[in-house]
Amino acid sequence: MQVPPFLDLTGRVAVVTGAGSPTGIGYAAARHLGMLGAAVVVGATTERAHERATELVAAGLTAHGFVGDLTDPAVAEALVAQAHAAHGRVDIVVNNAGMVSTSDPDYLEGDLLATSPQRWSDSLRRNLDTAYLVTRAALPHLRTSGQGRIVTVTSVTGALMAMRGEVAYAAAKAALVGLTRALAVDEARHGITSNAVAPGWISTGSQTEHEVAEGFVTPVGRSGTADEVASAIAWLAGPGAGYVNGQVIVVDGGNGVAEERALPR
């Protein structure tokens, strides 16, 4: 089936971070971008990056894996350099790294008093600095592209509402919205758009039983899927979204606008 022109990513190169989980948003985003014609480089902190890339190649897509800790500036630069060396360009950055990592399974949750300065710093590095470092490394190539796309995966937490016991995570995710909008203003003259996607309760391998239960009381009565978030990411990365800039697309089944939480009898 031919890809519609407003979604066609043929010839473009995408870097997708946080793409190690087979059930996660990052991998779903990489798959969607690849199906639309982009070559993708998927990053993760473990060898799962290569496993996901192998699966994408087996599906007929162009993909490479990259393993590294993107809180390190040199590693972020190496990720972008690998993508550019392999394909001669970088057009799309999907900043999805964050929340939790299999190489460091601590969610870094806690209320303010339970969040030590070190845990605060670690959470911001994982959830905010990774996006800053990867985007900064990619920016010269995105400017050269003339059709650069930055899509950052934030959350309804921080950007729209808050969970209990997640002060550092909420602060980092809210900051990603500020970064998104600052980039939108600064980089538009280079043909770059910068937008964010804010998922709500999403059914992935990292979703807890409590979060599953919360999904049942959203207006649509379920958690979302990684593919539903990825479809928004793919649209923002495409030519049809060229005049969408500095926006936050909420993918939460209407949970952010629901005033009444009790289910109707």
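Provided above is the structure to which this section pertains.
These numbers come from a predicted model, not from an experiment.

### Structural notes on the overall build of the protein
Secondary structure summary: the protein contains eight helices and nine strands in total. A compact globule built from 265 residues would reach a C-alpha radius of gyration of about 18 Å, and the protein, at 18 Å, matches this within 12%. Looking at the protein as a whole, 48% of its 265 residues qualify as buried. Restricting the contact set of the protein to residue pairs at least 6 apart, pairs at least 24 apart contribute 73%.

### Notes on helix H4 (residues 117-145)
Counted at 1.5 Å a residue, the expected span for H4 with its 29 residues is 42 Å, and the 40 Å between its end C-alpha atoms agrees. The principal kink in H4, of about 50°, is found at Leu139, preceding the proline Pro140 by one to four residues. Gly146 sits one or two positions beyond H4 and adopts a positive phi of about 80°.

### Notes on the environment of Leu7
Within the fold, Leu7 resides in the segment before strand S1 (13-16). For the pair formed by Leu7 and Ala234, sequence separation is 227 residues and the distance between their alpha carbons is 7.7 Å. For Leu7, the contacting residues outside a window of four places in its chain are Leu36, Trp235 and Pro239.

### Describing the pairing of strand S5 (residues 149-153)
The buried fraction of S5 is high, at five of five residues. On S5, burial covers both faces: Arg149, Val151 and Val153 on one face and Ile150 and Thr152 on the other are all buried. The pairing of S5 with strand S6 (residues 193-199) spans five bridges and is parallel. By the bridge assignment, Val151 is partnered in S6 with Asn195.

### Side note on the sheet that holds strand S4 (residues 92-95)
The strand order S3-S2-S1-S4-S5-S6-S9 describes an open sheet built from seven strands, whose pairing is parallel. Across the chains shown, the open sheet's two edge strands, defined by having one partner strand only, are strand S3 (63-67) and strand S9 (248-251). Going from strand to strand, the sheet's axes swing by 15° on average, the running direction of each strand aside. With four bridges connecting them, S1 and strand S2 (residues 39-44) associate as parallel partners. Each bridged residue has a counterpart across the sheet, and for Val16 the counterpart in S2 is Val42. In the packing of H4 onto the sheet, contacts are made with S4 and S5, and the angle to S4 comes to roughly 175°.

### Focus: the packing of aromatic side chains
Tallied over the full model, the rule gives zero aromatic pairs. Positioned over the ring face of Tyr27 is Arg52, at 5.5 Å from the centre of the ring.

### Examining the packing of helix H1 (residues 25-35) against helix H2 (residues 48-58)
Contact geometry for H1 and H2: axes closest at 11 Å, N-to-C directions at 30°. Regarding the angle of H1 to H2, the classification is roughly parallel. Both H1 and H2 take part in a crossing whose hand is right-handed. Between H1 and H2, the contacting residues are Tyr27, Ala30 and Arg31 on the first element and Arg52, Glu55 and Leu56 on the second. Each residue belonging to the contact of H1 with H2 can be placed in one class, and the counts come to three nonpolar, no polar and three charged.

### Focus on the pattern of salt bridges
Counted by the stated rule, this structure contains seven salt bridges. A salt bridge links Glu51 to Arg52; its shortest N-O distance comes to 3.8 Å. Among the residues examined, Glu51 registers a relative accessible area of 43% and is labelled partly exposed. A salt bridge links Asp122 to Arg125, with the shortest nitrogen-to-oxygen separation between them at 3.9 Å. With Asp122 and Arg125 both in helix H4 and three residues apart, the pair spans about one turn of that helix. The partly exposed category is assigned to Arg125, whose relative accessible area is 34%. What emerges from the salt-bridge pattern is a single network uniting Glu51, Arg52 and Glu55.

Here is what the cut-offs are and how they apply
Residues numbered from 1 in each chain as written. Predicted model: local features only at pLDDT ≥ 70, side-chain atom pairs only at ≥ 80, totals over all residues. Heavy atoms only, no water. Helix = DSSP H or I, 4+ residues; strand = E, 2+ residues; numbered from the N terminus. Rg over C-alpha atoms; globule rule 2.2 N^0.38 Å. Buried < 20%, exposed > 50% of the residue type's maximum accessible area, 1.4 Å probe, protein only. Contact = heavy atoms within 4.5 Å. Expected span 1.5 Å × (residues − 1). Bend = angle between axes of the 7 residues up to and from the residue. Pairing = 2+ DSSP bridges. Axes fitted to C-alpha atoms, helices over the stretch in contact; angles between N-to-C directions. Phe/Tyr/Trp six-rings, centres within 6.5 Å; stacked < 30°, edge-to-face > 60°. Lys NZ or Arg CZ within 6 Å of the ring centre and 35° of its normal. Parallel < 35°, antiparallel > 145°, perpendicular 65-115°, else oblique. Left-handed = near helix turned anticlockwise from the far one by under 90°. Nonpolar A, V, L, I, M, F, W, Y, C, P; charged D, E, K, R; others polar. Salt bridge = Lys/Arg side-chain N within 4 Å of Asp/Glu carboxyl O.

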